[in-house]
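Observations on the three-dimensional arrangement
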Amino acid sequence: MKKLVCVLGSPRAGGNSETIAIRLVDKAKQLGATTECFRLHDMTLKGCSGCMGCKTQSDSCVVQDDMKSVLDAVAGADAVVLTSPIYFGQISGQLKCFVDRTFSYLVPDFFKTSNPSRLQPGKKLALILTQGDPNESAHNIAPEYEEIFKFMGFETYSLRGLGLGAPTDAAGRAELLKEAEALAGKLLS
Ligand SMILES: Cc1cc2nc3c(=O)[nH]c(=O)nc-3n(C[C@H](O)[C@H](O)[C@H](O)COP(=O)(O)O)c2cc1C
């Protein structure tokens, strides 16, 4: 049985990115996967401390906070979903804390080796990013995050929800919810 882990990066419970992500998670359950979700805003966590403990003392992050359970779950998953609203052209601070802590997934000499990742190969990852701006050219930051996770060995996908201002907007966007269901199939194939 495949395992899908979803990391929710919006502080808004039930908001746009979460609505789309939960549709994906529900579809993944229907397809037979086990699923686990983490809402970062409800957890006590920090960003990367830059201590290099994951390169010099341990093969995992040495910071002891709630992020540990998220990092462990993602490392053990077959498929990962990361979600965030766009805040001032970037991902939320909560999700950025997670992204920075994934530095611990890299081996010490990651720039000098053909396999920089400590993770098992074959994992898939999808980014779900929502924004108020309806223009496709605004805040197209998914590619740069896909690059980061490709470097760690993930096969990556992304879904962007444009023109989603009010927290309930995504619930009325059937095409995005359908895209989320299709993404569940890709992540678990
Ligand atoms: C602090 C803050 C900053 C935002 N910055 C942007 C922005 O730069 N561009 C944009 O299109 N929308 C921006 N938004 C709108 C959100 O990205 C949008 O409402 C998103 O769909 C919220 O997703 P959520 O409901 O999952 O939190 C901002 C919202 C907040 C609260």
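This text goes with the structure placed above it.
In short, a report on the structure. (Residues numbered from 1 in each chain as written. Predicted model: local features only at pLDDT ≥ 70, side-chain atom pairs only at ≥ 80, totals over all residues. Heavy atoms only, no water.)

Focus on the side chain of Ser 92
- Mapped onto the fold, Ser 92 is located in the loop between strand E3 (79-85) and helix H4 (93-101).
- Overall, Ser 92 belongs to the buried group, its relative accessible area being 0%. (Helix = DSSP H or I, 4+ residues; strand = E, 2+ residues; numbered from the N terminus. Buried < 20%, exposed > 50% of the residue type's maximum accessible area, 1.4 Å probe, protein only.)

Comments concerning the site of the ligand
- Taken together, 17 residues lie around the ligand, and Ser 10, Ser 17, Ile 86, Asp 133 and Leu 164 are the ones closest in.
- Asn 16 places a main-chain nitrogen or oxygen 2.8 Å from an oxygen atom of the ligand.
- Gly 165 is positioned such that a nitrogen or oxygen atom in its backbone is 3.2 Å from an oxygen atom of the ligand.
- Isolated, the ligand exposes 650 Å² of accessible area, and the fraction of that covered by the protein chains is 76%.
- Looking at the shell around the ligand residue by residue, the class counts come to five nonpolar, ten polar and two charged. (Near = heavy atom within 4 Å. Polar contact = N/O pair within 3.5 Å; in protein donor to acceptor, adjacent residues only side chain to side chain. Areas by Shrake-Rupley, 256 points an atom, 1.4 Å probe, with all protein chains shown as cover. Nonpolar A, V, L, I, M, F, W, Y, C, P; charged D, E, K, R; others polar.)

Examining the pairing of strand E4 (residues 124-130)
- Among the seven residues of E4, seven are classified as buried, and the element is accordingly described as predominantly covered.
- Covered by surrounding structure in E4 are Lys 124, Ala 126, Ile 128 and Thr 130 together with Leu 125, Leu 127 and Leu 129, the residues of both alternating faces.
- Pairing of E3 with E4 involves seven bridges; the strand directions are parallel. Paired with Leu 82 across the two strands is Leu 127, which belongs to E4.
- Handedness of the E3-H4-E4 crossover: right-handed.
- When E4 meets strand E5 (residues 155-161), the two strands line up parallel, connected through seven bridges. When the bridges of E5 are listed, Ala 126 appears paired with Tyr 157.
- You can see the chain leave E4, run along helix H5 (residues 142-151) and come back into E5, and the turn it takes is right-handed. (Pairing = 2+ DSSP bridges. Right-handed = clockwise from strand over helix to strand, strands pointing away.)

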